[in-house]
Amino acid sequence: SAVISQKPSRDICQRGTSLTIQCQVDSQVTMMFWYRQQPGQSLTLIATANQGSEATYESGFVIDKFPISRPNLTFSTLTVSNLSPEDSSIYLCSVGSYNEQFFGPGTRLTVL
Amino acid sequence: SQQGEEDPQALSIQEGENATMNCSYKTSINNLQWYRQNSGRGLVHLILIRSNEREKHSGRLRVTLDTSKKSSSLLITASRAADTASYFCATDITGGFKTIFGAGTRLFVKA
């Protein structure tokens, strides 16, 4: 298992600004995943971040809007840029394999 | 596109009753997992069933998988108020490299 922390736990941002979310894992992992969960909805995968390579983005998500860093095997950041109210969601990072994933507590973003 | 569709979308039961949630998916899978999410927080892995398994138990949880119908069910027996949460199925697609989550079922257990 893995213990994952995320910062911040929640934030309220003005439109047009950016928010960077940090994800810290208590052990070294190869793959980290970033998800978005819009209000009352399921999880949608934004991108997969492997250390030492560019993140792989899912259809509908682009690097300019959601830049990701993965500087080492225990840490990653997701930035949500040029915020609009439609970006109001919970953002979750996870680690693990396709058999089981461990999730951070999530970052609740509200854009005004 | 979303792989898993779940029903019901919401379920309200009394404590002590059983809760059954269903999940359908569209493509071939390697395995299917169920997760629980409490009040908009992180998800917790509950149980995994592989494509060659038909039924699996873990405590009060019973999961079935019917690959011919591309469907799975999660049964929670003797429910408790603490089981109140959203439950998601997730599939690992054959030939794919990601996990896709279903729409989820919101379970409310009344004390």
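Residues numbered from 1 in each chain as written. Chains lettered and ligands numbered in written order. Predicted model: local features only at pLDDT ≥ 70, side-chain atom pairs only at ≥ 80, totals over all residues. Heavy atoms only, no water.

Let us look at the overall build of chain B. When helices and strands are tallied, chain B shows zero helices and 11 strands. For chain B, the succession of helices and strands along the chain, N to C, is β-β-β-β-β-β-β-β-β-β-β. Relative to a compact globule of 111 residues, whose C-alpha radius of gyration would be 13 Å, chain B shows 13 Å and is just as compact. Taken over 111 residues, chain B has a buried fraction of 45%. (Helix = DSSP H or I, 4+ residues; strand = E, 2+ residues; numbered from the N terminus. Rg over C-alpha atoms; globule rule 2.2 N^0.38 Å. Buried < 20%, exposed > 50% of the residue type's maximum accessible area, 1.4 Å probe, protein only.)

For the rest of this paragraph, the subject is the interface of chain A and chain B. Every contact between the two is made by 18 residues of chain A and, on the other side, 22 residues of chain B. Across the chain A/chain B interface, buried area totals approximately 1600 Å², and carbon plus sulfur atoms make up 47% of it. Applying the counting criterion to the chain A and chain B interface returns zero salt bridges. Joining chain A to chain B, the criterion identifies five residue pairs in polar contact (both at pLDDT 80 or more). At the level of secondary structure, the elements contributing two or more residues to the side of chain A that touches chain B comprise strand E4 (31–37), strand E5 (43–50), strand E9 (89–96) and strand E10 (101–103) of chain A. For the side of chain A that touches chain B, a count of residues per class yields eight nonpolar, seven polar and three charged. (Contact = heavy atoms within 4.5 Å. Buried area = accessible area lost by both parts, 1.4 Å probe. Salt bridge = Lys/Arg side-chain N within 4 Å of Asp/Glu carboxyl O. Polar contact = N/O pair within 3.5 Å; in protein donor to acceptor, adjacent residues only side chain to side chain. Nonpolar A, V, L, I, M, F, W, Y, C, P; charged D, E, K, R; others polar.)

Formally, a disulfide is one covalent bond, and it connects the sulfur atom of one cysteine to the sulfur atom of another. Per the stated rule, a full pass over the model turns up two disulfides over all chains. One disulfide in the model links Cys23(A) with Cys93(A); its S-S distance is 2.0 Å. A torsion of 75° about the S-S bond marks the disulfide between Cys23(A) and Cys93(A) as right-handed. Note that Cys23(A) is positioned in strand E3 (residues 19–25) and Cys93(A) in strand E9, a separation of 70 residues in sequence. Two residues share a disulfide in this structure: Cys23(B) and Cys89(B), whose sulfurs sit 2.0 Å from each other. Disulfide Cys23(B)-Cys89(B): torsion about the S-S bond near 65°, hence right-handed. (Disulfide = S-S within 2.5 Å.)

Turning our attention to the sheet that holds strand E8 (residues 71–76) of chain B. Residues and elements named next belong to chain B. Strands sit in the order E1-E3-E8-E7-E6 across an open sheet of five strands; the sheet is antiparallel. The strands lining the two open edges of the sheet, one partner per strand, are strand E1 (5–7) and strand E6 (55–58). Taken over all neighbouring pairs, the strand axes of this sheet differ in orientation by 15° on average, direction set aside. Two elements, strand E3 (residues 19–24) and E8, share six bridges in a ladder whose sense is antiparallel. Residue pairing for E8: Asn-22 is matched across the bridge by Ser-73. (Pairing = 2+ DSSP bridges. Axes fitted to C-alpha atoms, helices over the stretch in contact; angles between N-to-C directions.)

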